[in-house]
Amino acid sequence: MLFSDIVGWTRLARDLDPEDLGALLRSYQAACAQVVGRYRGYTAQYLGDGVLAYFGYPDAHEDDAERAVRAALSIVDAIPRLKVHQGISLAVRVGIATGLVLAGNLAAEGNTSELAVIGETPNLAARLQHLAPPNGVVIAPSTRQLLGTLFEFESLGEHTLKGFAEPVHAYRVVGERPIDSRFEAVRDAALTPLVGRKEEIDLLVDRWHHAMRGEGQVILLSGEAGIGKSRTVHALLHRVSAEPHVVLHYQSSPHHADSALHPVIAQLGRMADFRPGETAGERLTKLEALLSRTMRNTAPAVPLLAALLSVDTGGRYPPLVLDPQQQKDRTLAALVQHLDDVASRHPVLMIVEDAHWIDPTSLEWLGRVMEWVRAAPVLLVVTFRPEFSLDSADRSRLTFLTLNRLSRQQSATMVRQLAGHASLADETVEQIVRRTDGVPLFIEEVTKAVLKEAEQLPARAASSSIVIPSSLHDSLMARLDQLANVKEVVQVCGVIGRECSYPLLSAVTGWPQAKLDAGVDRIVQSGLMFRHGSPAEAQCVFKHALVQDAAYASLPRGRRQALHARTAEVLIERFPETVDTQPELIAHHLTAAERVVEAVSFWEKAGERAARRSANLEAARHFGKALELLAQLPDTPERARKELAIRVMLGPTLIITRGPRSAEVRQNYSRAQRLSAHFADSPLRFAALWGLWRHTRSFREKQRISDDLLRVADKLGDPGLMLQAHHTQWATRFHLGLHAACLRHAEEGLEIYSRGDYRSHAAMYGGHDPKVCACGEAGYSLWLLGHPERAVARADEALAWARSLDHSGSLAHALEMNLLLHCYRRDAAKVMELADGIIDFAGRENFPVHKAKGLVFRGWALARLGDPQEGVELMRRGLASQEDVGTREDHPIFFDMLAEGFGMVGEIGEGLHIVEQALSETKAIGLVFWTAELHRRRGELMRSRDELHKAELDFQRARRIARKQNAIALELRAAMSLARLWSDNSRGREGYDLLASVQQQFTEGFATADLVEARALMDAMA
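Residues numbered from 1 in each chain as written. Predicted model: local features only at pLDDT ≥ 70, side-chain atom pairs only at ≥ 80, totals over all residues. Heavy atoms only, no water.

Q: Give me the lowdown on the overall build of the chain, citing residues and values where you can.
A: If you tally the helices and strands in the chain, you get 45 helices and 17 strands. Expressed as a percentage of the 1022 residues in the chain, the buried residues total 57%. (Helix = DSSP H or I, 4+ residues; strand = E, 2+ residues; numbered from the N terminus. Buried < 20%, exposed > 50% of the residue type's maximum accessible area, 1.4 Å probe, protein only.)

Now the structure itself:
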């Protein structure tokens, strides 16, 4: 947008008589009109001494910013040479700004009309014009960005302009210079001529031949947008087309980045030949037929994949009785098994495109596929942009391939191939090569725009001064404008999404069949979209996301909202399966339509569906969007109830994806607790309190919340809630050193568990089964209370039950509890064995907290078994990882283990420092179950420094704390430390009596390390 006026107009108006002033003004306007008139597709208005010219309206061109600057420079050159009045020479100043505006003609009096423009761009151009010196041109940063280095510029710095909140950086155009101009765009170049990719394709074919011999290969094909990734993949497909194989194509989409397994579902539906309007029975039959072609036993896989595809089995198969994590794990395993069966019959070429848009669950699937590929006749090609990172632990059959830009010669070859028989001057080709900078997408779009203009003005085809687009966005807008009366179809498609089914497009537009067919035909012929499938069920696909963006941006806001609303209504009314399978898609359209209440409902539905499938990242995003929209509604009791319900569902997904100590979890449950105060008689109140308990750091506060949970559960009379209330009680009381109470609540919880089926709680509360936790926690307390054999029995029971559940979170919890109990027992060899197991398990299941704990335990065992230096380093690594991802309940024990290691390597100061840190933290949060042992550890470190008085004080304190908690196991250790100290100072008889008084309290476990050591110490002092 160009705004120009005459410098000193006010003085001229005062000094000249009206007739001379009118003549001057007419000459000035005529000169401006002559200059601006050289450029097609503009609109100009004359406002006194001001000229306002719009480049890009009513028709867009690829180089509108460049046209505006060239026009401004021509005005600056022409106006001072006007002979308007003796003794007077004119000077002008010009301001240019670029941006989107809403423009149109409003009817005025008579038969004329005036242009109405809504937007800040005209105002910005006028403000910049005031900054220009006489005969100067000043442009906005948006214009400067589009022009690259086509002109010379002088920075004028930032200026505060009236009507603009932020300072604006202004630039003065010094003059023109012939230099490269860069284009910014994002779109797929699947059909561009193949130039300069021979080496890359030969490499792909070579890896394919390895795969055909059973040496599975993975190609990670990366490159910037428009560099030719898809075109390279198509070339590979062509090269291997004569060889027997199966092609499996998985396309990620920006509109489904939060839709779990969307690429997999789409590919599976294509393989099964699902068609719109089919019944569930028909689709189930097709799915069975698909699987039976490759699998010998389809019974386990059919119900899992039917659920994935939202196909009701109609009683043909038993219902799935699995928690979400189990169902997800088994579904992913079934998908990989299906691939394995397919590959057992034919070599497979798998293509995963645009992985930078892949949803988290599909990414997990892809990781499993990459592991499986190694032993199968499969070539997996994954394409993505450089900002996306994808790696594999096994790099032996992993090939990284990056597509670089074309050379100048390759670029010129591509331009001429695109031009075909059309005549393009050498200089024109050179300009295209220079301005497209070797990106195939840019070359394609700019060349097509030039060819289109050459068709309209053949004389310019060989012109050396042909104007080349300076931005890909402008090129796309120009092509959209050339579609004239069918542009509306492209715009509707832009609203619907990257892919648009013909039936949906027909329903949204409401156009007659013939008109719609003709419109789609023309769009496909223009190259903006592809069309796949039969006409009645065709799928229209934008050639690239940027084409969709351009079409979408060309719509006024009100029209976009109306089309989003219409799309949502059509999907709900005519495509009911979408409501069940893609509620997030409907939620997206309702959100854009600003139908907030309905959008919240569908985002909530999408979150629930994702959570049921253990797609926790997607679930968290969906619930988060629901909350964002909910905040726009009036503050009413109904809104509060809805927000509370959503936050209760969001909480567990945040715990899993962000960690229980994260700020997101704290904020979510703090807000939920405040809301729940208004719904005291609702299960929502319990869920909010449970989440607050899970996150709260202070164990004294945890106890208060846990007591509230008992009261709420009792008032509601819900056994399941009572079970979880006891769950919080036994976990809290153990850490407070109240072991008898811990056992009581664990037994009450197990009694409730035995009367009902509460296995689903593993997904709803904390990520593990309550029976597993009750048995394991009881084992801890039993050991501390002096019952080591009963403790091991409980731990074994927890592990056996976890294995029977086939629930990874519960099994991880049981493995950890078993590991910790054997650490209590000081069985280093057993701890080493179990630590290796949990590290391996946690790595496979992606449990970073348990992997970090496994490293700590392995380090401790390594130190105890003779390599303390390496053990200390391993413990440090594990603790650093645990600090990032875990809770702090186990930190007292971990710090004690590390302090023991420091003592072994002679770093007494480091050991004392870590113990002090642990004691300070336990005091701050009330975590006291291991305090006695921390004091004993400090005493042992003091004793090694010959600070015997301090050591004795710590041993005595450890003994008192242990006795107060009735923790006989820890009292025995404190007594042994005291006995050794006294024996070294001729007080052996006192030590013997002390040890005898503690040992006699044990009735079992006499073969455990502590009791064997105590007996040996007593024998030595006898």
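Q: For empty space enclosed by the protein, give the residues involved together with the corresponding values.
A: Over the atoms a probe the size of a water molecule is rolled, and this reveals where empty space is left. Tallied over the full model, the rule gives 8 cavities of 30 Å³ or more. Roughly 100 Å³ of volume is contained in the second largest cavity. As for the second largest cavity, its lining consists of Trp783, Gly786, Pro788, Tyr824, Arg825, Ala969, Leu972, Phe1002, Gly1005, Thr1008, Asp1010 and Leu1011. Looking at the lining of the second largest cavity, the elements that each hand over two or more residues are helix H43 (968-984) and helix H45 (1009-1021). Class assignment of the residues belonging to the lining of the second largest cavity gives a composition of 7 nonpolar, 3 polar and 2 charged. (1 Å grid on protein atoms, 1.4 Å probe; cavity = no way out; pocket = protein on both sides within 12 Å on 5 of 7 lines; lining within 4 Å. Points joined across faces, edges and corners; volume = space filled by probe spheres on them. Nonpolar A, V, L, I, M, F, W, Y, C, P; charged D, E, K, R; others polar.)

Q: I'd like to hear about unusual backbone geometry, residue by residue, with values.
A: Excluding glycine, residues mostly carry a negative phi; peptide bonds, for their part, are mostly trans. For Asn135, which is not glycine, the phi torsion reads 60° and is therefore positive. If you trace the backbone, Asn135 turns up in the loop between helix H4 (121-131) and strand E7 (136-139). Given a relative accessible area of 31%, Asn135 falls into the partly exposed group. Its identity as a non-glycine residue notwithstanding, Ser310 has a phi of 60°, on the positive side.

Q: An account of the pattern of salt bridges is needed here, citing residue identities and associated values.
A: Summed over all chains, the structure comprises 65 salt bridges. Measuring nitrogen to oxygen at the nearest pair gives 3.6 Å for the salt bridge that ties Glu940 to Arg936. Taken together, the residues Glu940 and Arg936, both in helix H41 (residues 931-944) and 4 residues apart, mark about one turn of the helix. Like Glu940, the residue Arg936 is buried in the burial classification. (Salt bridge = Lys/Arg side-chain N within 4 Å of Asp/Glu carboxyl O.)

Q: Tell me about the sheet that holds strand E11 (residues 246-251), and please be specific about residues and values.
A: If you trace the 5 strands from one edge of the open sheet to the other, you get E11-E12-E13-E10-E14, paired in parallel fashion. In the strand order of this sheet, the two ends are held by E11 and strand E14 (398-402), each with one partner. The mean angle between the axes of side-by-side strands here comes to 15°, regardless of whether they run parallel or antiparallel. Examined bridge by bridge, strand E10 (residues 217-222) and strand E13 (residues 378-384) share 6 bridges and lie parallel to one another. (Pairing = 2+ DSSP bridges. Axes fitted to C-alpha atoms, helices over the stretch in contact; angles between N-to-C directions.)

Q: I'd like to hear about the nonpolar core, residue by residue, with values.
A: Ranked by size, the top nonpolar core spans 185 residues in total, and within it Tyr824 and Leu995 carry the most contacts. Ranked by size, the runner-up nonpolar core spans 49 residues in total, among them Val264, Leu335, Leu366 and Leu380. (Core = buried A, V, L, I, M, F, W, Y, C linked by side-chain atoms within 4.5 Å.)

Q: Please set out the packing of aromatic side chains residue by residue, giving values where relevant.
A: In this structure the tally under the stated criterion is 13 aromatic pairs. Seen in terms of ring centroids, Phe857 and Phe894 are 5.5 Å apart; in terms of plane orientation they differ by 80°. Their pairing is edge-to-face. Taken as a pair, Phe857 in helix H37 (residues 848-864) and Phe894 in helix H39 (residues 891-904) lie far apart in primary sequence, 37 residues in all. Of the two residues, Phe857 and Phe894, both sit in the buried class. (Phe/Tyr/Trp six-rings, centres within 6.5 Å; stacked < 30°, edge-to-face > 60°.)

Q: Could you give me a rundown of the sheet that holds strand E15 (residues 499-501), with the residues and numbers involved?
A: With antiparallel pairing, 3 strands are arranged side by side in an open sheet as E15-E17-E16. If you trace the sheet from one side to the other, it starts and ends with E15 and strand E16 (529-532), each paired once. For this sheet the average axis-to-axis angle between neighbouring strands, irrespective of direction, equals 20°. This element, helix H19 (residues 513-526), spans E16 and strand E17 (539-542) of the sheet and lies at about 120° to E16. (Contact = heavy atoms within 4.5 Å.)

Q: Describe the environment of Leu124, listing the residues and the values that go with them.
A: On the secondary structure map, Leu124 appears in helix H4. A sequence separation of 28 residues divides Leu124 from Ile96, and the C-alpha atoms of the two residues are 7.9 Å apart. Filtering out sequence-adjacent residues up to four positions away, Leu124 remains in contact with Ala97, Ala140, Leu161, Phe164 and Val168.

Q: Give me the confidence of the model for the chain: which residues, what numbers.
A: The predicted model of the chain averages 85 in pLDDT, with 89% of residues at 70 or higher. Confidence, expressed as mean pLDDT per element, reaches its minimum in the chain at strand E5 (residues 102-107) with 52 and its maximum at H41 with 97. Per-residue pLDDT stays below 50 along residues 178-190; that stretch engages in 62 contacts with residues further than four places along the chain or on separate chains. (pLDDT = per-residue confidence, 0-100.)

Q: Run through the pairing of E7, naming residues and quoting values.
A: Alternating positions in E7 separate into two faces, Gly136 and Val138 on one and Val137 and Ile139 on the other, with burial throughout. Bridge count between strand E4 (residues 92-96) and E7: 4 bridges; the pairing is parallel. Residue Ile96 lies in a different strand from E7, and its bridge partner there is Ile139. When E7 meets strand E9 (residues 168-176), the two strands line up antiparallel, connected through 2 bridges. Within E9, the residue paired with Ile139 across the bridge is Tyr171.

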